[in-house]
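Below, each chain spelled out in residue letters.
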Amino acid sequence: MYRLIDHKEEINRLLSRYGVKFGIYKNNEFHERLFPFDPIPRILTKNEFAFLEKGLRQRVHTLNLFLNDIYGKKQILKDGVLPEDFVYLSKGFLPPCENIAPPERVYNHISGIDLVQGKDMAWYVLEDNLRIPSGASYPMIARDLCRRAAPDTFETNAVTDNRDYGKLLKRVLDDVNVGGIDVILTPGRYNSAFFEHSYLAEQTGAVFAMPQDLFVEGNVLYYSEYSGERRRVGTVYRRISDEYIDPMTFLPDSLLGVPHLLDAYRAGNVAVVNAPGNGVADDKGIYYFVPEMIRYYLGEEPILQNAPTYLPYYETDRAYVLEHLDRLVVKDVSEAGGYGVVFGSGLTKDERQKLADAIRENPRRFIAQEVVDFRELTVAEAGQVTTRKADLRAFVLYGKEITVWKSGLTRYAREAGSYVVNSSQGGGFKDTWVLSR
Amino acid sequence: MQRVEFSYSMKIEFSAPVVRHCFSLRCLPFNNEWQRIRELFIDVSPHNVLTETADGFGNRILTDRITEPHTLFSVYVNGIAEIDLSAAEPEPLNGIYKYPSQHTACGPLLTALAEAQRAACADRSPTEKAKLLMEALRARFSYKSGVTRVETTAEEALELGQGVCQDYAHILIALCRALGVPARYVAGIQEGTGETHAWVEIYDNGYWVGIDPTNHKMVDERYLKLSHGRDFADCGINRGLFIGGCTQKQTVEASVRVL
Amino acid sequence: MGIISIKSTDNLFWLGRYVERVFTTLKMFSECYDVLIDVDENAYIAFLQKLGIPNTYAYKADFITNFLFDENNPNSVLSTLLCAYDNAVMMRNEISSETMSYIQLAVNAMQRGKESSAPMLKLQEVFDCIFAFWGSADDYVESETTRNILKFGRSVERLDLYTRFSQPAALIRKEFSILLNRLYKVGVDCNLSAVDTLMKIILEKDDLEADKTTIQTELSRLFVTTPPDYYA
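Analysis parameters
Residues numbered from 1 in each chain as written. Chains lettered and ligands numbered in written order. Predicted model: local features only at pLDDT ≥ 70, side-chain atom pairs only at ≥ 80, totals over all residues. Contact = placed C-beta atoms within 7 Å. Helix = DSSP H or I, 4+ residues; strand = E, 2+ residues; numbered from the N terminus. Nonpolar A, V, L, I, M, F, W, Y, C, P; charged D, E, K, R; others polar. Expected span 1.5 Å × (residues − 1). Buried ≥ 20, exposed ≤ 12 C-beta atoms within 10 Å, placed from the backbone. Arc of directions from axis to C-beta. Pairing = 2+ DSSP bridges. Axes fitted to C-alpha atoms, helices over the stretch in contact; angles between N-to-C directions. Domains from an automatic or database assignment. Parallel < 35°, antiparallel > 145°, perpendicular 65-115°, else oblique. Left-handed = near helix turned anticlockwise from the far one by under 90°. Core = buried A, V, L, I, M, F, W, Y, C linked by C-beta atoms within 7 Å.

Caption draft 1: Quick peek at the interface of chain A and chain C. In this assembly, 23 residues from chain A lie in contact with 23 residues from chain C. Residue assignment for the side of chain A that touches chain C shows that the elements contributing at least two residues are helix H9 (194–204), strand E7 (207–209) and strand E9 (220–224) of chain A. Of the residues belonging to the side of chain A that touches chain C, the class tally is 12 nonpolar, 5 polar and 6 charged.

The structure is reproduced here in structure tokens:
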């Protein structure tokens, strides 16, 4: 392991050589940034991972059942487990996606579940990402470089190889394929996760497409080749958000979309990965109900817990939230990527009052959580070993079966004491080792 | 039961050729237990692989992608329908029609107008509530074309005080939903010759009941229904995308004739 | 894979061209630099003329630094290299991360060169990276079509620059026959009338000076790519 720390700079240089970057818009200009890598891995023992794996499968399975239900019979609403408001007022709920049966009945093919481990060592789910979770490519390529830098570390530690992500992903794309080629659709170069799109295309061997390479005719999606030939597409792993994928149904001025893609999907002629409309299930408001959903759909007790969460929508919760605003973290349900997250402790009296008013005015818009004091991980910063707060994004792949990737993206805050680990806000990343013993 | 002949024709003339013209047409009438289509003739020109499919609201759509350059796009639909409102069967309610949508969100004017009717509406059936709300709307709103545009929301239209059938429908939908009556937008054709029309359906005890605020009446068997949705945005009769073209001139003619 | 779209063909062709443009321009620049040292401090003016680039430089040192490194000038070598990078980045899955990394390394070397007190020494690294790029392309690029389009782009650019810098007719002829050879393999549309005109001039004449402009025009017409269409 010390070998890895010694080579931190060199490994980061190699990462830059392979273009391991993410894009960011600043003052309306596109910039590419390196994603800082810390070589000290997060280590999950065999037993710890087995526990997480079980909990993640349960959660992801449930969320898929929920999506099937909510775009179909909506039994969960009829049974009163979930107040309708949280579905119908969610930005992520897309009525044009109603009554579609996706191939293999899978909606959330790739789920990125964000977890933190408290100081009490208990794991909490902070967020489910079921739309286009990104980040798997980073630990995958970092592992490759670390193995070169310190082979002996890997000889002795029994670390499960995580470089099979491309294969796992390909299997999911093939599992749901309805006949035709697998395509990875990128909105283009100026997307924050472009590196990942192109790297995953390389790793899976899927055809890498831009929107203008694809078209729909007779409810079938095709890829147009230079030769003038067309290839039928059986699975499209699209890295374009829902509102842009089909200008005939969603935003009419989207240049990134493929007209009639939703029609082809509805007709069952192409699998869309992840399914459009998943936003309703990873909504911060819906998050509150996931443990209850697990009981409802599976009749099981949830294995992984949520962070203690309050819904101002309920009167008792609202009273509690307004009372304890100074120590809670409040999240705006319509924002993502670490935006719209406010720590009550960091607010002035005035700002807190404003927030309280906003909550009273529109309680459904917010959730509040106890601040989980997460366990810090060691990082090598400027030649010193110190600690930083870190989370873990676990990747769960869902095709004909559910597989939890034996790794994950560990993101850490660059500033001491900070809770903000998002790459768009300057966070770095670590590899995640799952031990085989 | 009423037997009607209907027709819809639309022409778009482009000032310069267009290519890669993709379109979704919602101009085929519902074919269900209370509106039976007995004859249907469709002509779309030019076309490539004309495909009939459905959307998430249950509307029929015609789609295609024309690759060849063209300066004229024309659609003609004609047929015979038998309309029998008494044959309607109860259906479950989709909750989306209870909530505000893009064009029907209540601002202060709509909220005030709805609240003013709340007491009068208490203890009445959804249909009676809708009628009261239609009266309240008509007292504040008059018909005039050219004042509003397709993007105009219910709140904006109410502020202008004038508009067309689309605006009448949006305002009534907003008012109904504000007072807990599920309501949806309907695009269709009304007896007579002229343009396409828009009205409202409200959900009453398992059935959708049509009400036409523009003409101040309940919908009868002389209305042909094409599509429904949360508001106008879900029911666009012609949604298209193309490359080229400069300017375009669109003409529409729609009619329902009682046989 | 062998499945390739119009847009990808375009990216590959221009990747080949830009990489070659950096390479040959730097070679010519090195010769010019040598003259600038003690023979003629205005030699860069003629150099720019040959490239068809407006002279926006105040003096010799301004030219040396900014022609190489000015990112804000689209004609600088660094800008050209960044164009190569833009195309390479789109083609990672076709050309492999390994091959792509050499373009990134060349960019890094140029960017370090800008800060260096002896920038000319850094250029050697850029040459090394480009050689490695082509070597890697031969080794790692699985699809023959992909390799052919890349190299076709390289040939077109090389011919263009050789003509501009009045290289010997024999050298140009040799490069042209490589290009013709590639044309048969490349399997993409090319403008046959342009091929015809070029053959008449390059294969039949010993002095190409008078036909320079024609050659350049025909070269630019050679490869037919439809510009990407976007929905209006």
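Caption draft 2: Up close: the environment of Ser423(A). With respect to the helices and strands, the residue Ser423(A) is situated in the loop between strand E20 (409–412) and strand E21 (428–434). Once the C-alpha coordinates of Ser423(A) and Ile24(A) are considered, the two residues, 399 residues apart in sequence, prove to be 9.4 Å apart.

Caption draft 3: Fine view of the interface of chain B and chain A. Taken together, the contacts link 18 residues of chain B with 21 residues of chain A. When contributions to the side of chain B that touches chain A are tallied by element, the ones reaching two or more residues are strand E1 (2–25), strand E3 (51–54), strand E4 (60–66) and strand E14 (238–244) of chain B. Among the residues forming the side of chain B that touches chain A, the class breakdown is 6 nonpolar, 7 polar and 5 charged.

Caption draft 4: Here's a closer look at helix H2 (residues 126–140) of chain B. All names here are of chain B. Taking 1.5 Å per residue as the helical rise, H2 with its 15 residues ought to reach 21 Å, and the 21 Å between its terminal C-alpha atoms agrees with that figure. Of all the residues in H2, the buried ones are Pro126, Lys129, Ala130, Leu133, Met134 and Leu137. Buried positions in H2, seen along its axis, are confined to an arc of 140 degrees and lie on one side of it. Tucked into the core, H2 has its buried residues touching helix H1 (108–121), helix H4 (165–178), strand E10 (197–204) and strand E11 (207–212).

Caption draft 5: Molecular detail of the sheet that holds strand E8 (residues 183–190) of chain B. Residue and element names in this part refer to chain B. What the 5 strands build is an open sheet, ordered E12-E11-E10-E8-E13; its pairing is antiparallel. Sheet topology places strand E12 (217–218) and strand E13 (223–229) at the edges, where each strand pairs with a single neighbour. Bridging between E11 and E12 involves 2 bridges; their strand directions are antiparallel. If you follow aspartate 212 over to E12, its bridge partner there is lysine 217. Sitting on the sheet, H2 is in contact with E10 and E11, with an inclination near 140 degrees to E10. Strands in contact with H4 are E8 and E10; relative to E10, the strand with the most contacts, it is inclined by about 15 degrees.

Caption draft 6: View of the sheet that holds strand E15 (residues 341–343) of chain A. Residues and elements named next belong to chain A. Here we have 4 strands laid out as an open sheet, ordered E13-E16-E14-E15, and antiparallel in their pairing. A single partner strand is all that each edge strand has here, and the edge strands are strand E13 (309–310) and E15. One ladder, built from 5 bridges, connects strand E14 (residues 328–332) with strand E16 (residues 366–370); its direction is antiparallel. Bridging across to E16, lysine 331 finds its partner in isoleucine 367.

Caption draft 7: Up close: the pairing of E3(B). Residues and elements named next belong to chain B. Bridge count for E3 against E4 is 4 bridges, and the pairing is antiparallel. The residue bridging threonine 53 from the neighbouring strand is isoleucine 61, located in E4. If you look at the hairpin formed by E3 and E4, you'll find 5 residues sitting between the two strands, and glycine 58 has a positive phi there, around 90 degrees.

Caption draft 8: Spatial organisation of the domain arrangement of chain A. Residues and elements named next belong to chain A. Each assigned domain of chain A is listed here: domain 1 (2–286 + 387–434) and domain 2 (308–370). Look at where the C-alpha atoms of domain 1 and domain 2 centre, and you get two points 28 Å apart. Across the boundary between the two partners, domain 1 contributes 10 residues, which contact 7 residues of domain 2.

Caption draft 9: Spatial organisation of the packing of helix H8 (residues 169–186) of chain C against helix H9 (residues 192–203) of chain C. All names here are of chain C. Interhelical geometry of H8 versus H9 gives an angle of 150 degrees and a closest axis separation of 10 Å. One element, H8, and the other, H9, form an angle in the roughly antiparallel class. With respect to the hand of their crossing, H8 and H9 are arranged in left-handed fashion. Residues Ile172, Arg173, Phe176 and Leu183 of H8 lie in contact with H9, whose contacting residues are Val195, Leu198, Ile202 and Leu203. Partitioned by chemical class, the residues of the contact of H8 with H9 number 7 nonpolar, no polar and 1 charged.

Caption draft 10: Seen up close, the domain arrangement of chain B. Residues and elements named next belong to chain B. Structurally, chain B comprises domain 1 (2–86 + 237–258) and domain 2 (91–231). Between domain 1 and domain 2, the C-alpha centre-to-centre distance is 25 Å. With 21 residues of domain 1 at the contact, the number on the domain 2 side is 17 residues. Where the side of domain 1 that touches domain 2 is concerned, the elements lending two or more residues are E1, strand E5 (70–83) and strand E15 (248–258). No other element matches the 5 residues that E15 contributes to the side of domain 1 that touches domain 2.

Caption draft 11: Expanded view of the nonpolar core. Judged by nonpolar contacts, the single largest core of 121 residues is most densely connected at Val183(A) and Leu221(A). Considering every element that reaches this core, the biggest residue donor is helix H3 (residues 46–70) of chain A, with 8 residues. Those residues within four positions of Val183(A) in sequence are excluded, and the remaining contacts are Ala206(A), Val207(A), Ala209(A), Tyr223(A), Val233(A), Val236(A) and Tyr237(A). One finds Val75(B), Tyr97(B), Met134(B) and Ala174(B) within the second-largest nonpolar core, a separate group that totals 63 residues.

Caption draft 12: View of helix H4 (residues 77–90) of chain C. Between its terminal C-alpha atoms H4(C) stretches 20 Å, which fits the 20 Å expected from 14 residues at 1.5 Å a residue. For H4(C), the full list of buried residues reads Val77(C), Leu78(C), Thr80(C), Leu81(C), Ala84(C), Asn87(C), Ala88(C), Val89(C) and Met90(C). Each element contacted by the buried residues of H4(C) is listed here: H9 of chain A together with helix H1 (6–38), helix H3 (60–69) and helix H5 (92–115) of chain C.

Caption draft 13: Structural context of the packing of H1(C) against helix H7 (residues 144–164) of chain C. Residues and elements named next belong to chain C. Across the interface, H1 lies against H7 with an axial gap of 7 Å and an inter-helix angle of 40 degrees. Classified by the angle between their axes, H1 and H7 sit oblique to one another. As for how H1 packs across H7, the hand of that crossing is right-handed. Packed against H1, whose contacting residues are Thr9, Leu12, Phe13, Trp14, Leu15, Gly16, Arg17, Val19, Glu20, Arg21, Thr24 and Thr25, the element H7 presents Thr146, Ile149, Leu150, Lys151, Phe152, Gly153, Arg154, Val156, Glu157, Arg158 and Leu161 at the interface. Among the residues forming the contact of H1 with H7, the class breakdown is 10 nonpolar, 6 polar and 7 charged.

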